[in-house]
Amino acid sequence: MTVPREVPLPTALADATEKLDGTGRVVVVELGAGGITTYRLDRDDVGFLRCRGRNVPWPVLLGGRTSWDSGDAEGERAVLRAAGDLSGAVVFFVCPLPDGSPTDTAIAWLRKARPEARIYTADAVVVADLIRAAMANDPLRWPYDLVLLRAHPDGRLELTAEQLFPFGARRGKLVRRELRCEPSDAKGVAFAVVSWQDRDPVLVSIQAARVPAGRHELTAELRRPGLVRMSIRGVPELTEDERDWAELVSAVPLRLASPSGPMHLICAVETCGAPAKVEERLGRIRQMITTLSSELPDRLDVSLVAYGAHSYDARDPDPPIDVAAWTASPVRALESLRRLEDAGADARGYPDAARLEDMLAEVDRRLGSAATGRTALLTVGERPPHPPRVESEILPCPARHDWSQLLRRLENRPGMTLGAICDRPGERAGRAWSRLGGGAPAHLEAVDVRTLAARMGLRRPPDQLIPFPLTVD
Amino acid sequence: MGTAHLTVHWALEGKQPGSSDEYGILACSRGPFSPAHFMDIRARYSTGTPENLPQVTIGWVGGGRQDRWLLLSIRQSSAETDGTGRAIAETRYFCVPYEQVTEHHLSYEALHAALEACEPVRDEPLAVSVEAPNIEDIAARVGLEAISAAALLLTDEPVCVVGGEALPWLERLRFLDTVFSLLPYGMRTRLSASTWTSSTAGRWWTSKARNECRLSFTKHAPEGVHSVRWGALTEVSSSRHDAHRYQNLLVDRCGQPTALIEWLAAGTEPMSFSPDGRARALARLSEFTARDDAATRAISADQFTMERLLNECADFLKSRQDGKLAEHLDRLGNMVSRQGGRFFTGEQRRYQEVIAERQLLWTWQDVDDDLLFQLHAVILKVGYGPKLSARNMDEILDGVGSPGRSLLLAMLRMPSDAVVRLTLACRLDDKAELRRAFDQHSAGDLVNVAAREPYDGRLIQEIVDELARRGSAEEGLDIAGALREHNYLSDAIKALHPASIENRTRVLRRLLVAAYGQNLEPMEFAEIVGLPPGGEPLLAAAILSHGAGAGETLLQTVVLSYLGNAGLDPTTFMKVKSALLEPKLGGPAPSDDPEAYEDGSGNLNAPEGAVSRILRKLRNPMSRGRSVRVSSRHGHLEEAAGLRRQDGSGGKDWLPYVLLAILGVAVVLFFVLGYELLKSL
Amino acid sequence: MHPDPGSARPSHNIAMWGAPGSGKTTLLASLSIALMRRRGPWKIIGADDPSAEFLEEKSLTLSRGEFPQATLDMESYRWVLVGEPKAPERRRGRLFGGPPKAAPAPRVGISLLDPPGGLYGDRGSVSATDQKELLDNLVQSRGIVFLFDPIREFDNGDAFDYLYRALVQLAKQILAGDDHGDGKLPHSLAVCITKFDDRRVLQTAERDGLLTVDPDDPHGFPRVEPEDAARLFHRLCEVSRSGNADLVVNALDQYFREDRIRFFVTSSIGFYLDPERNVFDARDFQNMVPNVTGNQQGLKAGASKFRIRGRVHPINVMEPMVWLGEQFYNSQPNNGTI
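All figures in this text were calculated on a predicted structure; none of them were measured in a lab.

## Some remarks on the overall build of chain C
A count of helical and extended segments in chain C gives 11 helices and 11 strands. Residue burial in chain C is summarised as follows: out of 338 residues, 51% are buried. For chain C, long-range pairs separated by at least 24 residues make up 79% of all intrachain contacts whose partners lie at least 6 apart in sequence.

## A look at the overall build of chain A
When helices and strands are tallied, chain A shows 12 helices and 19 strands. Across the 473 residues of chain A, 38% fall into the buried class. Long-range pairs, those at least 24 residues apart, make up 70% of the contacts in chain A with a sequence separation of at least 6.

## Some points on the sheet that holds strand E13 (residues 239–240) of chain A
Residues and elements named next belong to chain A. Taking strand neighbours across the sheet as the criterion, the 5 strands line up as E7-E6-E9-E10-E13 in an open arrangement whose pairing is antiparallel. Among the strands making up the open sheet, the edge pair consists of strand E7 (157–165) and E13. Where strand E6 (residues 144–151) meets E7, 8 bridges bridge the pair, whose relative direction is antiparallel. Its bridge partner lying in E7, Leu148 is registered against Thr160.

## So, the interface of chain A and chain C
Contact with chain A, which involves 13 residues of that partner, is made by 13 residues of chain C. In terms of residue class, the side of chain A that touches chain C is made up of 8 nonpolar, 1 polar and 4 charged.

## Observations concerning the pairing of strand E1 (residues 12–18) of chain C
On a regular strand, one side chain projects to one face of the sheet and the next to the other, so that they alternate. Residues and elements named next belong to chain C. Among the 7 residues in E1, 7 count as buried, and that is most of the element. Residues of E1 alternate between two faces, with His12, Ile14, Met16 and Gly18 on one and Asn13, Ala15 and Trp17 on the opposite face, all of them buried. Across 4 bridges, the pairing between E1 and strand E4 (residues 107–114) is parallel. Note that in E4 the partner of Ala15 across the bridge is Leu113. Looking at chain direction, E1 and strand E5 (residues 143–148) are connected through 5 bridges and run parallel.

## Points about the confidence of the model for chain C
Residues and elements named next belong to chain C. Per-residue pLDDT for chain C has a mean of 76; in total, 78% of the residues score no lower than 70. The low-confidence segment residues 88–98 (pLDDT under 50) makes 14 contacts with residues lying over four places distant or belonging to another chain. Low pLDDT (under 50) marks residues 294–302, which in the prediction has 17 contacts with non-local residues, meaning those over four places away or in another chain. Scoring of the predicted complex yields 0.55 for pTM and 0.75 for ipTM.

## Quick look at the sheet that holds strand E2 (residues 35–43) of chain A
All names here are of chain A. With respect to topology, 5 strands assemble into an open sheet ordered E3-E2-E1-E4-E5, the strand pairing being mixed. The two strands at the open ends of the sheet, each matched to only one other strand, are strand E3 (49–56) and strand E5 (118–121). With strand direction ignored, the average angle separating the axes of adjacent strands in the sheet is 20 degrees. Packing against the sheet, helix H3 (residues 73–83) makes contact with strand E1 (25–32), E2 and E3, and its axis sits at approximately 35 degrees to E2.

## A few points about the environment of Thr200(B)
Structurally, Thr200(B) can be placed in the loop between strand E8 (191–194) and helix H7 (202–205). Taking the C-alpha atoms as reference points, Thr200(B) and Lys219(B), 19 residues apart in sequence, are found 9.6 Å from one another. Discounting chain neighbours no more than four positions away, the residues touching Thr200(B) are Gly48(B), Pro50(C), Ser51(C), Phe54(C), Glu75(C), Ser76(C) and Tyr77(C).

## Notes on the interface of chain C and chain B
With 40 residues of chain C in contact, the opposing surface of chain B contributes 40 residues. Where the side of chain C that touches chain B is concerned, the elements lending two or more residues are helix H3 (49–63), strand E3 (75–82) and helix H5 (128–140) of chain C. Tallied by class, the residues present in the side of chain C that touches chain B amount to 14 nonpolar, 15 polar and 11 charged.

## Some words on unusual backbone geometry
With an omega of 0 degrees, the peptide bond between Leu53(B) and Pro54(B) qualifies as cis. Checked against the element boundaries, Pro54(B) lands in the loop between helix H1 (35–44) and strand E3 (55–62). Positive phi outside glycine occurs at Thr327(A), with the angle close to 40 degrees. With respect to the helices, strands and loops of the structure, Thr327(A) is situated in strand E16 (residues 322–328). Its 15 C-beta neighbours within 10 Å are what place Thr327(A) among the partly exposed residues.

The rules behind each value
- Residues numbered from 1 in each chain as written.
- Chains lettered and ligands numbered in written order.
- Predicted model: local features only at pLDDT ≥ 70, side-chain atom pairs only at ≥ 80, totals over all residues.
- Helix = DSSP H or I, 4+ residues; strand = E, 2+ residues; numbered from the N terminus.
- Buried ≥ 20, exposed ≤ 12 C-beta atoms within 10 Å, placed from the backbone.
- Contact = placed C-beta atoms within 7 Å.
- Pairing = 2+ DSSP bridges.
- Nonpolar A, V, L, I, M, F, W, Y, C, P; charged D, E, K, R; others polar.
- pLDDT = per-residue confidence, 0-100.
- Axes fitted to C-alpha atoms, helices over the stretch in contact; angles between N-to-C directions.

Shown next, in the form of structure tokens:
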């Protein structure tokens, strides 16, 4: 009995599995000392090869006899049943050399059932090992990505994925990647690998480790499809992360409160109203500038804009908006602030609103249309702006400035952050102040300047934890 | 004087801040007055919309025997505004039982002061103590307007005072008090008044209520309202008989305003402004006459008549109606005589204005000398009698340009004092008159007159001559005393001879001879040439530092060189020099005799000359230094001051020496000045 | 401006009628300015010193940008409305249809009572004396200037209170005696819708399409044509807070003869004009601004929380007075001096 041997079994098997698609099967039927063992290989949804095996020992097949004769129909049925459904599959028979044992009869029956199947005699081959190797060697059917966060210039954080292993990568593939880590909680930074099926990401694995903040090099090795081993120098081994995905994602803050690069802080202050309030407002600005200048040495430019009330009195026309400092050093800005402090509050003018809209126009004009990088506008005051035209009891702005439109322009500027401190608590601060405060203004009496600075992304809050690694740009 | 204890009912009128309601009673005390009562009271005494606050309104409430109240309301601004943003005025009404105020004749000012400070507690009536007013204060304010207003109230018609807008409200309240004090106290049960009423507050001015009267300051006299112009006399028409009569009586009796007011204040029986009430008021006022002395009783001057007569005199002068003029002058003279030369405050001021305006004291050409003299004599009596004061004399002489003989004589004939008499006699340039004048006065009087500013050169010359004439034999001591009193008339003589030191020296020499005789005794010398106090240690120190011969140095280098620069005639200077250095004449040096310091200094200090002023200035640092030492006994304040001082004076050890040196020079200068008096020797 | 005593004894009373804060005194204060701003055949002069002074002083106050203080107690003024002694044919058949010759300057004496608005209301605290005097005055008067304050109506909705109570009393007193066959009061009633310069009033008029602009007006002020004024009044009554302001309308119809009611849309201070452009700007016309509140010493007596922003351009301030004057004049048998 001759056995055609065109290609060795491992090669043929690898070839067959590689060609497996979502619907096909590869079946390896081994007739060995322990009986008939059937390995059925197919791919799951994600393209992983999977293998199910079944073993029927000889005594069960023989049913108490010691051998079959070739006409033993009952024996034939038992053998075919043990081999399982072979239809539509690429089938390999592996058997020892003929030795007159029931194996020969059995192989003859199987061949009769699937005459095209290749037969290998493989004494030395452990089929299970062969299959394991085939599975491990199986190339990636979809690329594998690592989940990262990308920080935009304004600090906004965005989840992103960068490829670790491309389509077709095989086991043992090693990849090195640079990334940055922010402080994380006790469970560590999550290194999540996803693959993409069509457009949907599918989680392959999440491993976590306590990684010190800073830049790191990640080494990832494709151990086999579905198994990526990652390591970071100086970091203990990564372990399986038990957090679920939703939990991880919701822990990502909207903004990375870690300023990088130069920052332009514009402080606008309302200098009309009660002297004590004005003093307090200027005091907050002083605090803000002092705090940030020590945290962002050489990276902070400060502008200082003071605005008061419209006079609505032809004998006493409104002066230009007082730009006490523009993109000045913190030291210079603090000097200008001293001048404002000395000047104190201006009790004159319209009592129910302030020239907020004129201030916005001036800031907008000075910022110009060119991109200016990271900029923060901190407005400190109380009164609402004047509308551009008659629409309430508050008189319109004589210059017809439209605060809402101006504010929208500022809001839409790339790299612009808004923050506000209002004399009144948030719920009574009014529409303009809500927008100036980027949602809600801080209350003058209660504001903690450091927290506000953190919220505006001017400094990192002590408690901001980032559960994912960040890209290195 | 005493204290009245009152139980006062009150109400507070205003608006709730931000409300759109009208004014209303916000709170009131429990008792006889309900909020509705107070609203009625408010309506009755509505004075229109005020221009300035605070505003005080007074009035009366009730009418029955047991039910008489005085009302006082105080309207003030508040910082609150109403629903339309207008300021809210706050008014407090106080009702005071009439019988509680009568005993002490409380004034409205006193009531206001006590009530204004009251803080009502819930709805409790207030218990208030009020000091009785000082009647003399009120009496001192009686003037033309008050008399006019008080009399006009007896017309039983509203009276307004115009032209008083600029007065502070308290002055206006005091004026109301003064007016009311000229009416029997009992009339306050029917009087109302306000420190301000809008001229268009129809209700106040046209109130239908009879037998009550209303008085207020306002801007323009509303039609049909009597008005009194502030600062002017308003004559009550004689057709308003009671009021006219009352005014005349008041004018008569104002010579003793305090007694008059006390008398009227005692009339606390309630009185209205009905004809009956007015008659009772007139009677009360007349009774004051009856109990007064004969002189006062004889007064029946009609000051309005007097003013009119003055004006008519001027008319006659212009139109040369000499007969009528003489007749008028007789009437005027009689009136003044009848009055016994008494005038009440402000009366003559008004006459003087007329006299000046109508040039009644001028020397009218073509008027017979006798008539002119009569004119001047009478006019002077009316305007400036009975005694002509120096101030009035100056005023008259300034006013008429070059006074004629008639006027000067007429003035001279008036009772007056030495200054007036001597000045006029001198002005008259009539030896006999001057002699007569001199004979009436002592040497002391003469020196006093000579020393009077502004200096009258001619008079001074005459007085010096007269003093020289009288000489030391007669009145030397008096002359010396008086001269000392006026610093030897140095300033006056300087005015006499501003340019010539030589002449001044000569005049002074004559005076000294008159006072002390030909030669000065050492004590007299020291009396004249004194040194100021305070310089003694310095002088002593300087002399000690100089050592022996200091006296000579002082004379030679300081005194002589000073006099040498004074511009004296060489002959005089030689005389001075020889007198100074001649041993025979030398007495004990002034600085050797401590008594001389004291005697000399006391007098020299009185009229402060330029040098003395300089000295004072220079001494200041010294005296401050001394007071530092004195005050340093007083504790911590000085310690602090001392620290500062130490800082200040640190490293300036030379300063005391400089100060001493300056002081030294100054003392010597002063010393030298005294010597100037001896120059003519 | 000195009165000409005797030649025009005021004999016609006009009473001002309106709720507190409706702007009675401000309306009077702006009369002088209205005179100077607008050329017209009529002048108002004071018939006595206090009344003349009032006209002068209050117009100065307004020119300084200040509002008159709240009326504390009733004030009365006496004015003379003097027409133009011009060529008779111009006037013939227009205002006074009388005989053309002689043509002396027509004069109408006016006694005007400015009470605190509260007297008209139903407040327990109002003094009976006050109300009686007011009523007496109303009975004697021939004309009433009723100030309808739409802002107060928006906010409080009590204009009716201030009208109705006094109106019923007045009717009782006059119609009971009855020489008035038609059962209507003999008064002429000028209904002044005040505060036309207020945003809410102007916008109500605008929404209802009642605004026009006089092409000859160099400032281009919006205005409400006289025939539309009544419509605006109805409209403003409808948006009232109390909802019973329509009763105001009914009450007026019920008590006054139709030809004796006229509506005026008024503003004592007028609209703000930018001094440079000098033309009405719909984007920015509010002429009333809040005063500075920083004054810790408290406001001066009578100082208002508001001031006037620009110049005062009174709207329809003279017109009600002139209309009433004409009514009086026309009702006089010999249209001479009355």
